[in-house]
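Residue-level structural notes
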2 protein chains.
Amino acid sequence: MHSLLDLVLIDLYDCDHGRLLDAELIRGGMIQAAELMGAEVVGESFYTFEPWGVSGTVTIAESHLALHTWPEYNFAAITFETCGTRMNHRKAFDFLVDFFCAKNPQITFHKRGFMSTADADLKYKQDVG
Amino acid sequence: MHSLLDLVLIDLYDCDHGRLLDAELIRGGMIQAAELMGAEVVGESFYTFEPWGVSGTVTIAESHLALHTWPEYNFAAITFETCGTRMNHRKAFDFLVDFFCAKNPQITFHKRGFMSTADADLKYKQDVG
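Here's what I pulled together on the structure shown here. (Residues numbered from 1 in each chain as written. Chains lettered and ligands numbered in written order. Predicted model: local features only at pLDDT ≥ 70, side-chain atom pairs only at ≥ 80, totals over all residues. Heavy atoms only, no water.)

1. Observations concerning the relation of the copies chain B and chain A
- Here chain B sits on chain A after a turn of 180 degrees about the axis and a move of 0.0 Å along it, with an RMSD of 0.0 Å. Between the two chains, the operation in question is that of a two-fold axis.
- In this assembly the copies share their binding face: 100% of the residues contributing to the interface of chain B also contribute to that of chain A. (Least-squares fit on C-alpha atoms with pLDDT ≥ 70 in both. Contact = heavy atoms within 4.5 Å.)

What follows is the structure in structure tokens.
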């Protein structure tokens, strides 16, 4: 069995309050994190909520990054979903911990999209000849 | 302890091949899934890869939905991240299973962003007065 996607969940507690408010600054930080990871950015969408809070996604050739901030709790939840084996998740994580001045960062690594190599080969041949 | 985010991972195996190729059709399907869930759509970003494959995100007032397709494996990976208690994940899941004609759909439910209610109340008061 192999998996098609790596799922990395980053919960950043005790962040700098001001950093969680500014969508434009955060947009730049998330794109920089994607580039540090070794990803190719192909799209993005960021949104600022009233009275506060930012949500955003960065689409990459290798899947996506997502972020949601709760300034009232000094908290940010960040997700990486990536395919391939060349992504440097740790480098992007270290950058984001510094970027948000997170005093209590947590990271967990998961896999999804499991498929037997034989099944994948068979389907690939059936579909694309 | 309470959690700020629900994380729903949907792996759709044995989908209709043609459905996984068309970014514009998929964009409409993902937005419809968000609305069926009870979410408010505030942004989106979809991208078609060469020679095939679609990646997309739908930003919602309650966080986001993301999708990645592997037409060569007849596979789609979909993620819901939502806050609040009113989201109907099951309704959106049922719609997407039908939409992609997935013969082998899998869904798992997770929580993230854990915080003690007392801590959250304290931080909220410190930050916003």
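Still more to cover.
2. Regarding unusual backbone geometry
- A cis amide bond links Glu50 of chain A with the next residue in sequence, Pro51 of chain A, at an omega value of 5 degrees.
- Among the structural elements, Pro51 of chain A can be located in the loop between strand E2 (41–48) and strand E3 (54–60).
- The phi dihedral of Asp14 of chain B falls on the positive side, at around 55 degrees, and the residue is not glycine.
- By relative accessible area, Asp14 of chain B is classed as partly exposed at 24%.
- Here Asn74 of chain B, not a glycine, exhibits a phi torsion of approximately 55 degrees, which is positive.
- Mapped onto the elements of the fold, Asn74 of chain B is located in the loop between strand E4 (63–70) and strand E5 (75–82).
- Look at Asn74 of chain B and you get buried, because its relative accessible area is 12%. (Helix = DSSP H or I, 4+ residues; strand = E, 2+ residues; numbered from the N terminus. Buried < 20%, exposed > 50% of the residue type's maximum accessible area, 1.4 Å probe, protein only.)

3. Quick look at the sheet that holds E4 of chain B
Residues and elements named next belong to chain B.
- Taking strand neighbours across the sheet as the criterion, the six strands line up as E2-E3-E4-E5-E1-E6 in an open arrangement whose pairing is antiparallel. Each edge of the open sheet is held by one strand with a lone partner, namely strand E2 (41–48) and strand E6 (104–115). Neighbour-to-neighbour, the strand axes of the sheet open up by a mean angle of 10 degrees, direction not taken into account.
- Strand contacts of helix H1 (residues 23–37): E2, strand E3 (54–60), E4 and E5, with the helix running at about 155 degrees to E2, the strand carrying the most contacts.
- Strand contacts of helix H2 (residues 89–99): strand E1 (2–13), E5 and E6, with the helix running at about 150 degrees to E6, the strand carrying the most contacts. (Pairing = 2+ DSSP bridges. Axes fitted to C-alpha atoms, helices over the stretch in contact; angles between N-to-C directions.)

4. What about the packing of aromatic side chains?
- Per the stated rule, a full pass over the model turns up 10 aromatic pairs over all chains.
- Pairing Trp70 of chain B with Phe75 of chain B gives two aromatic rings, centres 5.7 Å apart and planes at 50 degrees, and the pair type is tilted.
- The exposure class assigned to Trp70 of chain B is buried, which follows from its relative accessible area of 10%.
- With a centroid separation of 5.7 Å and an interplanar angle of 35 degrees, the aromatic rings of Phe95 of chain B and Phe99 of chain B are classed as tilted. Of this pair, Phe95 of chain B and Phe99 of chain B both sit in helix H2, four residues apart, roughly one helical turn. Take Phe95 of chain B and Phe99 of chain B: they sit in the same class, and that class is buried.
- An aromatic cluster is defined as three or more aromatic residues linked by ring pairs; in this entry it consists of Tyr13, Trp70 and Phe75 of chain A.
- One residue, Arg19 of chain A, lies across the ring of Phe99 of chain A, its end atom 4.5 Å from the ring centre. (Phe/Tyr/Trp six-rings, centres within 6.5 Å; stacked < 30°, edge-to-face > 60°. Lys NZ or Arg CZ within 6 Å of the ring centre and 35° of its normal.)

5. Section: the interface of chain B and chain A
- On the side of chain A, 45 residues touch chain B, which itself brings 45 residues to the contact.
- Both sides of the chain B and chain A interface together cover about 3700 Å² of buried area, and 63% of this is carbon and sulfur.
- Across the chain B-chain A interface, the total number found is two salt bridges.
- Residue Arg112 of chain A pairs with Asp11 of chain B through a salt bridge whose shortest N-O separation is 2.7 Å.
- Remark: the boundary between chain B and chain A carries 19 residue pairs in polar contact (both at pLDDT 80 or more).
- Every element with two or more residues in the side of chain B that touches chain A is listed here: E1, E2, E3, E4, E5, E6 and helix H3 (117–128) of chain B.
- The dominant element in the side of chain B that touches chain A, judged by the number of residues it contributes, is E1 of chain B, at seven residues.
- Each residue belonging to the side of chain B that touches chain A can be placed in one class, and the counts come to 25 nonpolar, 12 polar and eight charged. (Buried area = accessible area lost by both parts, 1.4 Å probe. Salt bridge = Lys/Arg side-chain N within 4 Å of Asp/Glu carboxyl O. Polar contact = N/O pair within 3.5 Å; in protein donor to acceptor, adjacent residues only side chain to side chain. Nonpolar A, V, L, I, M, F, W, Y, C, P; charged D, E, K, R; others polar.)

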